[in-house]
Amino acid sequence: MQDLPTYDDVVAAAARLDGHAHRTPVLRSATADARWGAQFFFKCENFQRMGAFKFRGAFNALSKFDAPQRERGAIAFSSGNHAQAVALSARLLGMPALIVMPLDAPAAKLAATRGYGAEVVQYDRFTEDREALTQRLARERGMTLIPPYDHPDVIAGQGTAAKELFEEAGPLDRLYVCLGGGGLTAGSALSARALSPSCEVVGVEPEAGNDGQQSLRAGHIVHIDTPVTLADGAQTQHLGTYTFGVIRRHVDGIDTVSDAQLVAAMRFFAERMKMVVEPTGCLAFAAACAAAESGALQGQRVGVIVSGGNVDLARFAALLAG
Ligand SMILES: *Cc1c(COP(=O)(O)O)cnc(C)c1O
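These remarks concern the structure in this document. (Residues numbered from 1 in each chain as written. Predicted model: local features only at pLDDT ≥ 70, side-chain atom pairs only at ≥ 80, totals over all residues. Heavy atoms only, no water.)

**Considerations on the overall build of the protein**
No. 1: On a plain count of helices and strands, the protein comes out with 14 helices and 10 strands.
No. 2: Its C-alpha atoms give the protein a radius of gyration of 18 Å, near enough to 20 Å, the size a compact globule of 322 residues would have.
No. 3: Its C-alpha atoms give the protein principal-axis dimensions of roughly 55 × 45 × 40 Å.
No. 4: Looking at the protein residue by residue over its 322 residues, the buried ones come to 58%.
No. 5: If you take every contact in the protein between residues at least 6 apart in sequence, the share linking residues at least 24 apart comes to 73%. (Helix = DSSP H or I, 4+ residues; strand = E, 2+ residues; numbered from the N terminus. Rg over C-alpha atoms; globule rule 2.2 N^0.38 Å. Buried < 20%, exposed > 50% of the residue type's maximum accessible area, 1.4 Å probe, protein only. Contact = heavy atoms within 4.5 Å.)

**Structural notes on the pairing of strand S4 (residues 97–102)**
No. 1: The element S4 is largely enclosed, with a buried count of six among its six residues.
No. 2: Here S4 shows a buried face lined by Ala97, Ile99 and Met101 and a second buried face lined by Leu98, Val100 and Pro102.
No. 3: Sheet topology places strand S3 (residues 74–77) next to S4; four bridges connect them, and they run parallel. Pairing of Phe77 across the sheet is with Val100, part of S4.
No. 4: Crossover handedness for the path S3 to helix H5 (residues 81–92) to S4: right-handed. (Pairing = 2+ DSSP bridges. Right-handed = clockwise from strand over helix to strand, strands pointing away.)

**What about the sheet that holds strand S9 (residues 253–257)?**
Pairing between the strands of a sheet comes from backbone hydrogen bonds, and it takes one of two forms, parallel or antiparallel.
No. 1: In spatial order, the strands read S1-S2-S10-S7-S8-S9; together these six strands make up an open sheet with mixed pairing. Only two strands of the sheet have a single neighbouring strand rather than two, namely strand S1 (26–27) and S9.
No. 2: Where strand S7 (residues 174–178) meets strand S8 (residues 200–206), five bridges bridge the pair, whose relative direction is parallel. In the strand pairing of S8, Cys178 is matched with Val204.
No. 3: Against the sheet, helix H8 (residues 152–169) engages S1, strand S2 (39–44), S7 and strand S10 (301–306), with an angle of about 140° to S2. (Axes fitted to C-alpha atoms, helices over the stretch in contact; angles between N-to-C directions.)

**Topic: the sheet that holds S4**
No. 1: Strands sit in the order S5-S4-S3-S6 across an open sheet of four strands; the sheet is parallel. Only two strands of the sheet have a single neighbouring strand rather than two, namely strand S5 (119–123) and strand S6 (144–145).
No. 2: By the bridge criterion, two bridges tie S3 to S6 in an arrangement that is parallel. Counted as the bridge partner of Ile75 is Leu145 from S6.
No. 3: Helix H6 (residues 107–115) rests against S4 and S5 of the sheet, and its axis sits at about 150° to S5.

**Regarding the packing of aromatic side chains**
No. 1: Using the criterion set out here, one finds 10 aromatic pairs in the structure.
No. 2: Summarising the aromatic geometry, the rings of Trp36 and Phe268 are spaced 6.3 Å apart at their centres and angled 40° between planes, so their arrangement reads as tilted. Of this pair, Trp36 sits in helix H2 (residues 30–36) while Phe268 sits in helix H12 (residues 259–273); the two residues are 232 residues apart in sequence, bridging distant segments of the chain. Both residues of the pair, Trp36 and Phe268, belong to the buried class.
No. 3: On the numbers, 5.9 Å between centres and 85° between planes, the contact of Phe42 with Phe269 is edge-to-face. In this pair, Phe42 sits in strand S2 while Phe269 sits in helix H12, placing the two residues 227 residues apart along the sequence.
No. 4: By relative accessible area, which is 0% here, Phe42 ends up buried.
No. 5: Within the aromatic cluster, the residues linked to one another by ring pairs are Trp36, Phe40, Phe42, Phe268, Phe269 and Phe285.
No. 6: The side chain of Arg28 reaches across the aromatic face of Phe41, ending 4.0 Å from its centre.
No. 7: Geometry around Trp36 places Arg35 over its ring, the cationic atom sitting 5.3 Å from the centre. (Phe/Tyr/Trp six-rings, centres within 6.5 Å; stacked < 30°, edge-to-face > 60°. Lys NZ or Arg CZ within 6 Å of the ring centre and 35° of its normal.)

Put into C-alpha cells, the structure is as follows:
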C-alpha cells in the first residue's frame, strides 16, 4: 500500500488538471437560502467534462503514468461514470484505454465509452468474475488498472472540486458530499481540512446501502450486498482501504437518504435551478434538505457537491413525473 493522499497531492492534481478539467460553477439558490435560512453553495460537477467529477480523478491518475505505461494505456472496469472518465482522459492524453463492462450495460453508456475512443470488453455479470477478467487483461496487455475510487491519485483528483469550492465560496460551516466508494468524500475532506479547518464534512449515501456509515461506526470496513437504490453511482458494497483511511480521520459523519428524498432533490434542481442532475448526484443535497428541515443549518454557510448529471432523459422524466 502507498501512503494515504494528502492535501499536497490535491494541489498537485489541481495543477495537472488546469486547462483540461472545467472549473465548474458554484451556483446559489435564493429559493433554498430563503426557505431554510442558510447560505447554500452548489459546486456543480454535473457541468464537468463527461458530466461528472470522475474526470478529475481519472485524468490525474493517467497524467502520472510514465512513458511505458502511457504506451500500453489504462484499463478500468465500470459501467458508469468512471468508464467514461478513463476513456476521455486516455484520449486526451493520447493513450489506449480498455474498459470492462457488463453485457447488460445500458447501450447509451457503451456508446459513450466507445465514443471517447476506448475499446470495450463485455462480460457476463452472472457467470464471470469481473475483477479476475480485468486483472488477466491488464497482465496480457501490460495496461495499468485504474480503480474507480480506491487509489491515492484518484482521491487527490476528486479533491480538486472541493478545493475550487472553498477558493470561490470561502470557509463553510458544513460540506455535504455524495458517497459511494468514498473517493469524492475523501478528497473533499482533504481540501476542507486545509482550506476551512472547522468545516464539518458529511458524506451521504443511500439508505439502502449505508456501508460507509456502518464502517465509520465499527472502525473497520464493513461489506454489504449490492444495495437496491436509484443512486446507481453509489451501489458500492464497501469503502476502499485508502478512502476509509482518509474518511475515518477527516470526515465528521455520514448521513443517509431515501430514494424519495433523492427524487425530491432532483425535482428541486430541475425546477428551481434548471439543472439535470442524476440520482446519485442528488445525495448530498437530499441530506442537506433533511438537515435544513430540522433547523440544523440555520444561519450556516453550507457547501453541496452536485456530483454528476448523467441520467437517461426518459428515466429522468419518469422519475420526475412519478
Ligand atoms: C462515482 C460517483 C459517486 C460516488 O463517488 P465515490 O468516489 O465512489 O464515492 C457519486 N456521484 C456520481 C455522479 C458518481 O459518478
